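# Descriptive structure summary
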Amino acid sequence: NELKWLVPIAVVCVLVFANSLTGEFVYDDTRQIIRNTLIQDNSLFWKALSSDVWAFKGDGTQAASNYWRPTFTLLNIVCFRLFGTSPLGWHVVNVLLHTGVSVLAFLLLRRWQYSAVVVFVIALIFAVHPVHVESVAWIAGSPDLLFSLTLLGSLWFATSYRSSRSNKDLLLMILFYAAALGSKEIGILCLPIYYFVLKDDTDGTEVRQSSLNTPLLALAASAVACFLIRLSIIGAIARPPDDAVALFDAVISVPQMFAFYLKQIFAPILIAINYPLSPVKEIGGLNFVVPLFISLAAIAGVIYVARSSKRAMLAAAIFLLPLIPAMNATAFPSEQIVHDRYLYLPLLGALMLLVPLAGKVLSERNLLIAGCVVALLFGVQTVRYNFAWANELALWTWTKNIDDSAFTSLQLGSALAEEKRYEDAIAAYSMAIAKKPTMRAYYGRGRNYNAVKQFDNAEKDLQAALATPADQQDAYATYQVYESLGITYVEQKKYDLAIRNFLDARKDLPIYAAALTEKLAVAHYQAGNKSDAMRELESYVTRARVEMLPESKNVILRLGMLYAEAGRKDEARGALNEYLRSTASYSDKNMVGYRNQAMKVLETLK
């Protein structure tokens, strides 16, 4: 009776992550949900599925990231329709997804003929492990949950197909694998797992090599199709991030990174969204030799255990294959080379290796007791760490106690600014600049200097941000700098400088032409140039209809308001109604305020 094992696993999952349900949107959540017009606008449904996940930061004509994840995007679209900007529903979905992975892992391992006690211990520890907090408590961490659920689902049908040779099982295996590929790109590297599943003959079923060709070729075709579609959308195999790790440094950093993940599996004592682990630049004893010895010993141990049985070989594949991309430090900024979320599925493979080994030296009763004790210790740490994800300030305050990097100081400064603690935010950004002067750090401090009316300091920082070398600039960050610099000038009534600033910005950043034109028009208006403001807005209405940034639509709002002021009531009503229609699903708090303005002006036109 499997139910007596499944119910405790599901209950423990929910209980351990229950205190994550009250968390707010944090970190990437705000941009990927609140400011993501692609998931909010029904008319952009297919555009959303055929764009990279950060395409909303631009105008949709070019990729803004390495990630084309249509399964993840579809989940976000559905959740936005169901829950809007209420984070509770989104958190419930993540907890349910994690519970589903834990339960499915139990059922799948039982099909692979692991004993009930061994599988229960594996699933129980997996369910409560602290490294999963980043994937479960953080809404934007759901790709790991989706990927694991759909991949395990595909392996379930692969197991069925091995004995049934049913076309239905074959089709479902391929469909679930396609969904896994659409959740995370690492699915391509997981193809060998299917060979071990389809080849497994531990149940006495004889499996001929020829019978593996059809399913493996079908899976490979899916992987190739996914790769080619992604290549056409992203436009490159990979786009290096700002401050990417150099290739040689990345290579010699692999042992340190792998040793870190081993430590997180066994002893997740210090745990955070970011860690003080820097790329290796000079080979030394503690940063290379010791981690290399640990890593080689671990790999040798995995190979030794894997050779003992086909199940162990399968476990090794589940542990190592999804972890391979996480070893490529060139894909990460230098201060963010490791993250707990990359251990989500690999942890299952590690437990599939470790728990059966423990079962060989312990009785079932003692194994069960030991597993429950380990799960209890890990569960307490998980509950404790969930609190860090309650809100932005809590997250980065927690992280600051573990990681003192410029990146963490920058994020803490942003969180403090959201709480209107501007002086504290300026201090945090100053710490970030002292450690590593970057465009975002100068922008953040400059924006906060604006908030406390220190305009000279604000202008210096924002000009320093614009002076960042072009290869270290991000288009959206540059847009934000120009926006803040324009505010600096407008607040000082230096309207000519503000106008010149926005004209330069529009020339430098054509993908944000409409959003910048709205700000240019405001500067013209405040300078008393109403006719110039109207001319600029009228010239960019068409562009405003296609740009992705929520504020791009403000071109239509400002034009409607100017028409109303000029007594052109019919044109004003048309523009304002168009604005309200085009922003009906937008949930950014600033856009809500603008919509209220539009409705008030419409009332005066009746």
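All figures in this text were calculated on a predicted structure; none of them were measured in a lab. (Residues numbered from 1 in each chain as written. Predicted model: local features only at pLDDT ≥ 70, side-chain atom pairs only at ≥ 80, totals over all residues. Heavy atoms only, no water.)

### Remarks on empty space enclosed by the protein
Condition: Here a cavity denotes grid points, spaced 1 Å and computed from the protein atoms alone, that fit a 1.4 Å probe unable to get out, and a pocket denotes an open set having protein on both sides within 12 Å along at least 5 of 7 lines; residues with an atom within 4 Å of a point are the lining. Grid points are joined across faces, edges and corners, and a volume is the space filled by probe spheres set on the points. Helix and strand assignments follow DSSP, with helices taken as H or I runs no shorter than four residues and strands as E runs no shorter than two, numbered in order from the N terminus. Residue polarity follows a fixed list, in which Ala, Val, Leu, Ile, Met, Phe, Trp, Tyr, Cys and Pro are nonpolar, Asp, Glu, Lys and Arg are charged, and the others, Gly among them, are polar.
Applying the stated criterion across every chain, the model contains four cavities of 30 Å³ or more. Forming the walls of the largest cavity are Gln 32, Asn 36, Leu 38, Ile 39, Ala 48, Asp 52, Val 53, Ala 55, Phe 72, Thr 73 and Asn 76. Of all the secondary structure elements, the ones that give two or more residues to the lining of the largest cavity are helix 3 (37-40) and helix 5 (70-83). Tallied by class, residues from the lining of the largest cavity come to six nonpolar, four polar and one charged. As a volume, the second largest cavity reaches approximately 40 Å³. In terms of lining, the second largest cavity is formed by Arg 31, Arg 35, Phe 56, Lys 57, Tyr 476 and Leu 549.

### A short note on helix 28 (residues 554-565)
The α-helix winds at 3.6 residues per turn, so residues separated by three or four positions along the chain end up facing the same way. Put simply, the test is: In this scheme, a helix's expected span is set at 1.5 Å multiplied by one less than its residue total. Note on exposure labels: buried denotes an accessible area under 20% of the residue type's maximum, exposed denotes more than 50%, and partly exposed covers the range between, all computed with a 1.4 Å probe on protein chains only. Here, two residues are considered to be in contact whenever any of their heavy atoms come within 4.5 Å of each other.
For helix 28, spanning 12 residues, the distance from its first C-alpha to its last is 16 Å, which sits close to the expected 16 Å at 1.5 Å a residue. Here helix 28 has its buried residues at Asn 554, Val 555, Ile 556, Leu 557, Leu 559, Gly 560, Leu 562, Tyr 563 and Ala 564. Against helix 25 (513-526), helix 26 (530-539), helix 27 (541-544), helix 29 (569-582) and helix 30 (589-604) lie the buried residues of helix 28. Looking one or two residues past helix 28, Gly 567 carries a phi angle of roughly 80°, positive in sign.

### Points about the packing of aromatic side chains
To be explicit about the condition: The pairing test for Phe, Tyr and Trp rings, Trp by its six-membered ring, is centres within 6.5 Å, and the orientation test on the planes gives stacked under 30 degrees, edge-to-face over 60, and tilted for anything in between.
Enumeration according to the criterion identifies 22 aromatic pairs in this entry. Taking 5.0 Å as the distance between ring centres and 85° as the angle between the ring planes, the aromatic pair formed by Phe 45 and Trp 46 counts as edge-to-face. Overall, the relative accessible area of 63% leaves Trp 46 in the exposed class. Ring centres of Phe 260 and Tyr 275 lie 4.8 Å apart, and the angle between their planes is 65°; this geometry places the pair in the edge-to-face category. Highlighted residues: Phe 260 in helix 13 (residues 247-266) and Tyr 275 in the loop between helix 13 and helix 14 (285-306), separated in sequence by 15 residues. The pair formed by Phe 260 and Tyr 275 is uniform in burial state, with each residue classed as buried. Three or more aromatic residues joined by ring pairs form one cluster here, namely Tyr 27, Trp 138, Tyr 385, Trp 389, Trp 396, Trp 398 and Phe 407.

### Thoughts on the pattern of salt bridges
To keep it simple, the criterion reads: Salt bridges, as used here, are contacts in which a Lys or Arg side-chain nitrogen is within 4 Å of a carboxyl oxygen on Asp or Glu.
Going through the model one piece at a time under the given rule, you end up with 30 salt bridges. Lys 281 is the partner of Asp 249 in a salt bridge, and the nearest nitrogen-oxygen pair spans 3.3 Å. Taken as a pair, Asp 249 in helix 13 and Lys 281 in the loop between helix 13 and helix 14 lie far apart in primary sequence, 32 residues in all. With a closest N to O distance of 3.1 Å, Asp 404 and Lys 435 form a salt bridge. In this pair, Asp 404 is assigned in the loop between helix 18 (392-400) and helix 19 (406-418) and Lys 435 in helix 20 (residues 422-435), connecting sequence segments 31 residues apart. For Asp 404, a relative accessible area of 45% puts it in the partly exposed group. Residue Lys 435 is classed as partly exposed on the basis of its relative accessible area, which comes to 36%. Members of the salt-bridge network, linked through shared partners, are Glu 483, Glu 518, Lys 519 and Arg 558.

### A word on unusual backbone geometry
A positive phi angle, close to 55°, is found at Tyr 27, a residue other than glycine. Following the sequence through the fold, Tyr 27 ends up in the loop between helix 1 (3-16) and helix 2 (28-34). Positive phi, normally seen in glycine, also occurs at Arg 165, with a value near 55°. The topology assignment puts Arg 165 in the loop between helix 9 (142-164) and helix 10 (167-181).

### Regarding the environment of Asp 243
Counted only if it meets this: As used in this structure description, the phrase polar contact means that two N or O atoms lie within 3.5 Å; if the pair is within protein, one of them must be able to donate a hydrogen and the other to accept it, and residues adjacent in sequence are counted only when both atoms belong to side chains.
Within the fold, Asp 243 resides in the loop between helix 12 (213-234) and helix 13. We classify Asp 243 as partly exposed; its relative accessible area is 39%. A sequence separation of 258 residues divides Asp 243 from Asn 501, and the C-alpha atoms of the two residues are 27 Å apart. With sequence-adjacent residues up to four places away left out, Asp 243 is seen in contact with Phe 332, Pro 333, Ser 334 and Lys 436. A polar atom in the side chain of Asp 243 sits 2.5 Å from the side chain of Ser 334.

### Here we look at the packing of helix 10 against helix 12
A packed helix pair is summarised by two numbers, namely the angle formed by the two axes and the spacing between the axes. Under the convention used in this document: Angles here are taken between N-to-C directions and fall from 0 to 180 degrees, while the axes themselves are lines fitted to C-alpha atoms, restricted in helices to the stretch in contact. Any angle that falls under 35 degrees is termed roughly parallel, while one over 145 is termed roughly antiparallel, one within 65 to 115 roughly perpendicular, and all others oblique. Here a crossing is taken to be left-handed if its near helix is turned anticlockwise relative to the far helix by less than a right angle, and right-handed if that turn runs clockwise.
In the contact formed by helix 10 and helix 12, the axes pass within 10 Å of each other and the chain directions differ by 25°. By the angle class used here, helix 10 and helix 12 are roughly parallel. The two elements helix 10 and helix 12 cross, and the hand of that crossing is right-handed. Together, Leu 170, Met 173, Ile 174, Tyr 177 and Leu 181 of helix 10 and Thr 214, Pro 215, Ala 218, Leu 219, Ser 222, Ala 223 and Cys 226 of helix 12 make up the contact between the two elements.

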